[in-house]
Amino acid sequence: MTHVATLVCNPRAPTLTEELARRALSALPRAHALRWLDQGVAVDIAFTPGAQDDLKEFDAAVRIALDGAPVDVIVQPNQGRRKKLLTADMDSTMIGQECVDELAAEVGKRGLVAAITVRERVALLKGLHRSVIAKVIENVITVTPGARTLIRTMRRHGAHTALVSGGFTAFTNAIADAIGFDAHYANQLEIDANGFFTGGVVNPVFGGDAKLATLRRLRIEHGLTIAQTLAVGDGANDLPMLREAGLGVAFHGKPAVAAGADARIDHADLTALLYAQGFTRSEFARDARAASAGRQS
């Protein structure tokens, strides 16, 4: 079997039944038996398409067979599923918030940031003290379910992981450490001698092109092929790296991003990226904080 369709649902509300899995199997050509990665949560279905077949068509066929069930579908070649490099967006991907929105909220300007550039957003923060970042991280920022498990598992199996953000290093430094990334890259805010934001950002601005360049640079540095890379994000500036990666995943992404990526995750948490690589639940690294609380993170 040359290809695989992976079905994944939210592990906190398992809805993937044997019946649903068999419906999906019936929608695929020359499909093999089900291989459960986590009973009720994730299953692999190996199949063999024709040489000229479009994988997006099989994705659509499986979704039709699932008839609106809250289950995500990832269709890809079977060979080389386990990746050795992950580049991941931060805001609304690895964390549940947009950091610049939370900073703007501190000066009563949250509603002004949605449709303006990075430089214009940073200008709104002029005069805010750097100490507010620690306050926002402690009181507002939440790590996306599955993030720590994803990063720890990939690192345990030899992958390099990098947080790449159009946000700010003042956030990525703490968040990358909290989640367990190997490295992080983002914009750097200008701060004066007294610790106040000047309203400027250090050149060059780190955006979509920089995310793509970082993926390419890290791939070359680690001696990897494109097929060995994985990228995940939700916004327009993530699309260049999603299209470049061996597997580009839109995580709860905006419609244009979901349409442009290889795969989309709308229902599951970030452990879906492990199931997409063929990991079984028993192979996951567990975060001590999650285990003590009786939940996956």
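To be clear, the structure that these remarks concern was listed above.
Asker: Any chance you could break down the nonpolar core for me, citing the residues and the numbers?
Answerer: The biggest cluster of nonpolar side chains holds 51 residues, and the ones touching the most others in it are M94, L103, L150, F171 and I175. Sequence-distant contacts of L103, that is, excluding residues within four places in its chain, are made with L125, L128, V132, I133, V136, F168 and F171. Grouped together as the second largest cluster of nonpolar side chains are 19 residues, L16, L34, V43 and V71 included.

Asker: Kindly report on the pattern of salt bridges, identifying the contributing residues and their values.
Answerer: Oppositely charged side chains can pair when the atoms bearing their charge come close. In this structure the tally under the stated criterion is 15 salt bridges. In this structure, the salt-bridge partner of E18 is R22, at a minimum N-O distance of 3.2 Å. Taken together, the positions of E18 and R22, both in helix 1 (residues 18–26) and 4 residues apart, correspond to about one turn of that helix. For E18, a relative accessible area of 35% puts it in the partly exposed group. You can call R22 partly exposed: its relative accessible area is 46%. Notably, a salt bridge pairs D238 with K211, separated by 2.6 Å at the nearest N-O pair. Here K211 lies in helix 9 (residues 208–221) and D238 lies in the loop between strand 10 (229–233) and helix 10 (239–244), a separation of 27 residues in the sequence. For the pair D238 and K211, one class covers both residues: buried. Taken together, the shared-partner salt bridges in this structure form one network comprising R35, D44 and R81.

Asker: With reference to specific residues and values, describe the packing of aromatic side chains.
Answerer: Counted according to the given criterion, the structure contains 2 aromatic pairs. Considering the side-chain rings of Y275 and F284, the 5.1 Å spacing of their centres and the 45 degrees angle between planes classify their relative orientation as tilted. Across the pair, F284 and Y275 agree in class, each one buried. Its end group placed over the ring of F279, R82 keeps NZ or CZ at 3.8 Å from the ring centre.

Asker: Tell me about the environment of G50, and name the residues and values.
Answerer: Among the structural elements, G50 can be located in the loop between strand 3 (42–47) and helix 2 (55–66). Given the relative accessible area of 27%, G50 is considered partly exposed. Distance in space between the C-alpha atoms of G50 and T2 is 10.0 Å, their sequence separation being 48 residues.

Asker: Go over the sheet that holds strand 12 (residues 263–265) with me, naming the residues and quoting the values.
Answerer: Across the sheet, which stays open at both edges, the 6 strands sit in the order 7-6-5-10-11-12 with parallel pairing between neighbours. Looking at the sheet topology across the chains shown, the edges are occupied by strand 7 (183–187) and strand 12. Across this sheet, the average inter-strand angle for adjacent strands is 20 degrees, counted without regard to direction. Running at roughly 160 degrees to strand 6 (residues 160–168), helix 9 makes contact with strand 5 (85–88), strand 6, strand 7 and strand 10 of the sheet.

Asker: I'd like to hear about helix 1, residue by residue, with values.
Answerer: Taken as a whole, helix 1 has its buried residues at L20, A21, A24 and L25. End-on, the buried residues of helix 1 take up no more than an arc of 145 degrees, which puts them together on one face. Across helix 1 from its buried face, at more than 90 degrees, point the exposed residues E19 and S26. Here the buried face of helix 1 lies against strand 1 (3–9), strand 2 (34–38), strand 3, helix 2 and strand 4 (71–77).

Asker: Outline helix 2, listing residues and values.
Answerer: Taking 1.5 Å per residue, 12 residues should reach 16 Å; helix 2 reaches 17 Å between its end C-alpha atoms and fits that length. For helix 2, the set of buried residues is F58, D59, V62, A65 and L66. Seen end-on, helix 2 carries its buried residues on one side only, within an arc spanning 125 degrees. With respect to the buried face of helix 2, the exposed residues turned more than 90 degrees away are E57 and I64. Close packing links the buried residues of helix 2 with strand 1, helix 1, strand 3 and strand 4. Where helix 2 begins, the side chain of D54 points an oxygen toward the backbone nitrogen of K56, at a separation of 3.0 Å.

What counts, and where the lines are drawn
- Residues numbered from 1 in each chain as written.
- Predicted model: local features only at pLDDT ≥ 70, side-chain atom pairs only at ≥ 80, totals over all residues.
- Heavy atoms only, no water.
- Core = buried A, V, L, I, M, F, W, Y, C linked by side-chain atoms within 4.5 Å.
- Buried < 20%, exposed > 50% of the residue type's maximum accessible area, 1.4 Å probe, protein only.
- Contact = heavy atoms within 4.5 Å.
- Salt bridge = Lys/Arg side-chain N within 4 Å of Asp/Glu carboxyl O.
- Helix = DSSP H or I, 4+ residues; strand = E, 2+ residues; numbered from the N terminus.
- Phe/Tyr/Trp six-rings, centres within 6.5 Å; stacked < 30°, edge-to-face > 60°.
- Lys NZ or Arg CZ within 6 Å of the ring centre and 35° of its normal.
- Pairing = 2+ DSSP bridges.
- Axes fitted to C-alpha atoms, helices over the stretch in contact; angles between N-to-C directions.
- Arc of directions from axis to C-beta.
- Expected span 1.5 Å × (residues − 1).
- Polar contact = N/O pair within 3.5 Å; in protein donor to acceptor, adjacent residues only side chain to side chain.

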